[in-house]
Amino acid sequence: MDISQSQFALNPIQWLATDDGWIDPGQAPPLDRRLPVIAASSFTAIKTEVPAGTTPREYREQLARAGIRPGPGYVPMPWFEDAAARQPFMERARVTAANNVGVGEPLVFLAMGMDKEAPRVAHPGVGFDFNAARLEAVRDYLAEAATIMAGEGAVPALHPHIGTWIETVDEARFVLDTVDDRLLSFGPDAGHLAWTGVNPAHIVAEYASRVAGIHIKDYHSHLAKRSRTEDVDYRSTVLEGGLATPDPP
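Residues numbered from 1 in each chain as written. Predicted model: local features only at pLDDT ≥ 70, side-chain atom pairs only at ≥ 80, totals over all residues. Heavy atoms only, no water.

Draft legend 1. Highlighting the overall build of the protein. Within the protein, the secondary structure is distributed over 11 helices and six strands. At 18 Å, the protein has a C-alpha radius of gyration in line with the 18 Å of a compact globule built from 249 residues. Considering only C-alpha atoms, the protein reaches an extent of 50 × 40 × 40 Å along its principal axes. Within the protein, the proportion of its 249 residues that are buried is 41%. Long-range contacts, defined here as pairs at least 24 residues apart, represent 76% of the contacts in the protein between residues at least 6 apart. Accessible area for the protein stands at about 12,800 Å²; split by element, carbon and sulfur atoms hold 54% of it. Computed over 22 positive and 33 negative side-chain charges, the inter-centroid distance for the protein is 4 Å. (Helix = DSSP H or I, 4+ residues; strand = E, 2+ residues; numbered from the N terminus. Rg over C-alpha atoms; globule rule 2.2 N^0.38 Å. Buried < 20%, exposed > 50% of the residue type's maximum accessible area, 1.4 Å probe, protein only. Contact = heavy atoms within 4.5 Å. Areas by Shrake-Rupley, 256 points an atom, 1.4 Å probe, with all protein chains shown as cover. Lys, Arg positive; Asp, Glu negative; His and termini not counted. Charge placed at Lys NZ, Arg CZ, Asp CG, Glu CD.)

Okay, structure coming up:
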């Protein structure tokens with residue numbers, strides 16, 4: 001299968017990276033300063049993220065002036081044990097979905113949120129502290145968000161992520177197998193799944209009919225393995241990856 005350059009979109013997270021291996025959205029320069037750099041790098045689409053106070057149409061027109069198209073969106077859903085504390089984030093899911101539909105790109109990756117102090121950030125890639133009852137509650141949380149997003153005309157796609165409560169292939173399978181495929185698509189991250197020690201191509205093939213998009217990242221298998229076997233935390237692994245040489249072929 002041929003894949004064209006137009007099928008790739010950049011998540012311009014580089015401006016958000018902090019010295020401690022995390023991200024800080026507040027440090028990114030204005031969009032009009034980032035777009036020329038992105039265009040010069042030959043990317044023709046970026047992750048859709050409509051700034052507050054800007055309409056989807058205005059955002060789309062701003063991108064177009066730089067020769068860039070809106071790409072898939074992303075919404076992280078923070079986890080709280082208290083169900084009432086989770087509910088306000090449903091509005092963020094709705095707004096993200098509506099904005100993506102408004103710019104003409106309905107795909108939105110739907111992930112659990114990350115927290116610096118989360119147990120799986122300290123112990124990544126191994127499904128640390130698995131709890132079946134929590135997994136069911138997480139599934140219900142994501143299914144509710146997906147329902148709201150689909151109601152806006154969006155295509156929510158489950159996005160397993162290291163450091164969250166949907167991290168492993170088995171956890172992803174549980175969500176996909178228990179949420180209607182007409183409601184929730186699949187948007188895997190090849191690097192994050194490989195970090196858990198699996199070949200991501202296998203689950204992509206298994207759920208091929210539900211795959212709406214894929215995240216691709218730099219990946220160093222020896223660092224991922226060390227993270228799992230030596231219990232190296234998420235942020236240290238990310239920082240070491242930024243300095244690592246490529247894995248040997």
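Draft legend 2. Inspection of the nonpolar core at higher detail. Within the largest apolar cluster, 31 residues are counted, with the highest numbers of intra-cluster contacts made by M77, L110, L142, M149, L158 and I166. Of all the elements in the fold, those that place two or more residues in this core are β3 (73–77), α4 (89–103), β4 (107–112), α6 (132–151) and α7 (169–178). In contact with M77, other than residues within four places in its own chain, are F89, M90, A93, L110, A111, M112, G113, Y141, L142 and A145. With 10 residues, the next largest nonpolar core counts L10, I38, V50 and V103 among its residues. (Core = buried A, V, L, I, M, F, W, Y, C linked by side-chain atoms within 4.5 Å.)

Draft legend 3. The environment of A146, seen in detail. Examined against the element boundaries, A146 turns out to sit in helix α6. Given the relative accessible area of 0%, A146 is considered buried. Sequence separation of A146 and W195 is 49 residues, and the distance between their C-alpha atoms is 26 Å. When residues no more than four places from it in sequence are discounted, the contact partners of A146 are L110, P156, L183 and L184.

Draft legend 4. Summary view of unusual backbone geometry. Look at S42: it is not a glycine, yet its phi comes out positive at around 80°. By secondary structure assignment, the location of S42 is in the loop between α1 (31–40) and β1 (45–47). A positive phi angle is found at D231, which is not glycine, with a value near 60°. With respect to the helices, strands and loops of the structure, D231 is situated in the loop between α10 (221–229) and α11 (234–243).

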